[in-house]
Amino acid sequence: MPVTSEATTTWTGSLTEGSGTVSFATSHLGTFPIDWKARSEGSETTTTPEELIAAAHASCFSMALSHALAENGTPPERVNTTASVTFKPGTGITGSHLNVNASVPGLTPEAFQQIADGAKTGCPVSQALSGIEITLEATLA
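Scope of this entry: the structure provided in the associated data block. (Residues numbered from 1 in each chain as written. Predicted model: local features only at pLDDT ≥ 70, side-chain atom pairs only at ≥ 80, totals over all residues. Heavy atoms only, no water.)

**A short note on the pattern of salt bridges**
- Counted under the stated rule, the structure contains 1 salt bridge.
- In this structure, arginine 39 engages glutamate 50 in a salt bridge whose closest nitrogen and oxygen atoms are separated by 2.6 Å. Of the two residues, arginine 39 sits in helix H1 (residues 36-41) while glutamate 50 sits in helix H2 (residues 49-71), which places them 11 residues apart along the sequence.
- On the accessibility criterion, glutamate 50 (5% relative accessible area) is buried. (Salt bridge = Lys/Arg side-chain N within 4 Å of Asp/Glu carboxyl O. Helix = DSSP H or I, 4+ residues; strand = E, 2+ residues; numbered from the N terminus. Buried < 20%, exposed > 50% of the residue type's maximum accessible area, 1.4 Å probe, protein only.)

Written out as structure tokens, the structure is:
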């Protein structure tokens, strides 16, 4: 059965001078501010669409990797993934870099790299982002 997830954004004003908020249907964390300046210049306090994509990519990849490792007979003790999504004004989203560090007893670094590469390709968010370059840095703890 398909599952549909929702987020809602309210925006006021023009692209460069306006601002908005984004909220998630299942979150009790409230709303998160968004604006063009944060998106085009970076910010420590305001989220961006790319940060939200990075969260989705890191989460999805971690799940895909955990599943692939378990199917290999080497379930992970821990998987820690950071996704870095790059946005270039005037061009758009240009890439996502996955940096994963995992604790997987009984697995060689070479086997881990091979399984991580497969998870990168098989992750549904990676598939949705197929129009951009996706890179992977995978290390065992």
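Still more to cover.
**A few points about the packing of aromatic side chains**
- On inspection of all chains with the given rule, the structure shows 2 aromatic pairs.
- Note on tryptophan 36 and phenylalanine 87: the rings are 5.9 Å apart at their centroids and 85° apart in plane angle, and the pair reads as edge-to-face. Here phenylalanine 87 lies in strand E4 (residues 78-88) and tryptophan 36 lies in helix H1, a separation of 51 residues in the sequence.
- Cation over ring: arginine 39 sits above phenylalanine 87, and NZ or CZ is 4.3 Å from the ring centre. (Phe/Tyr/Trp six-rings, centres within 6.5 Å; stacked < 30°, edge-to-face > 60°. Lys NZ or Arg CZ within 6 Å of the ring centre and 35° of its normal.)

**Some remarks on the sheet that holds E4**
- Taken together, 3 strands build an open sheet; the order of strands is E4-E5-E6 and the sheet is mixed. Either end of the sheet is taken by a strand with one partner, and the two such strands are E4 and strand E6 (133-140). Direction aside, neighbouring strands of the sheet carry axes that sit 15° apart on average.
- In this sheet, strand E5 (residues 92-103) lies alongside E4 in antiparallel orientation, the contact comprising 11 bridges. (Pairing = 2+ DSSP bridges. Axes fitted to C-alpha atoms, helices over the stretch in contact; angles between N-to-C directions.)

**Observations concerning the pairing of strand E1 (residues 7-12)**
- Relative to strand E2 (residues 19-24), E1 is paired through 6 bridges, and the arrangement is antiparallel. Across the sheet, threonine 12 pairs through a bridge with serine 19, a residue of E2.

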